[in-house]
Amino acid sequence: MDYKIKDVKMKDEFKICPSCGYKDGFHSMFKKESGITKWLFICPSCHEVFNIGFTV
Ligand SMILES: [Zn+2]
């Protein structure tokens, strides 16, 4: 599946989708990139993938 990862700066919380306004949080996914595992968030409503800079 092809998808775009959007980089987002987290403020006090990351709960509302910046793309569609969905308010109830995100699904998680993990992606390995050159030895680093990124923790990404998927909006359950519009399915955009967000990176707020978390790694595992
Ligand atoms: Zn959304």
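Structural notes, computed from the coordinates. (Residues numbered from 1 in each chain as written. Predicted model: local features only at pLDDT ≥ 70, side-chain atom pairs only at ≥ 80, totals over all residues.)

### Some points on the overall build of the protein chain
- Within the protein chain, the secondary structure is distributed over 0 helices and 4 strands.
- Starting at the N terminus and ending at the C terminus, the protein chain contains elements arranged as β-β-β-β.
- Relative to the 2.2 N^0.38 estimate, which gives 10 Å for 56 residues, the radius of gyration of the protein chain is 11 Å and therefore close to what a compact globule would have.
- If one aligns the C-alpha atoms of the protein chain with their principal axes, the spans along those axes are about 30 × 30 × 15 Å. (Helix = DSSP H or I, 4+ residues; strand = E, 2+ residues; numbered from the N terminus. Rg over C-alpha atoms; globule rule 2.2 N^0.38 Å.)

### Notes on the sheet that holds strand β3 (residues 36-42)
- An order of β1-β4-β3-β2 is seen for the 4 strands of this open sheet, with the pairing classed as mixed. Where the open sheet ends on each side, the last strands, each with one partner, are β1 (5-7) and β2 (27-33). Along the sheet, successive strands turn relative to each other by an average axial angle of 45 degrees, direction set aside.
- Bridge analysis of β2 against β3 gives 7 bridges, and the strand direction is antiparallel. Paired with K32 across the strands is T37, a residue of β3. (Pairing = 2+ DSSP bridges. Axes fitted to C-alpha atoms, helices over the stretch in contact; angles between N-to-C directions.)

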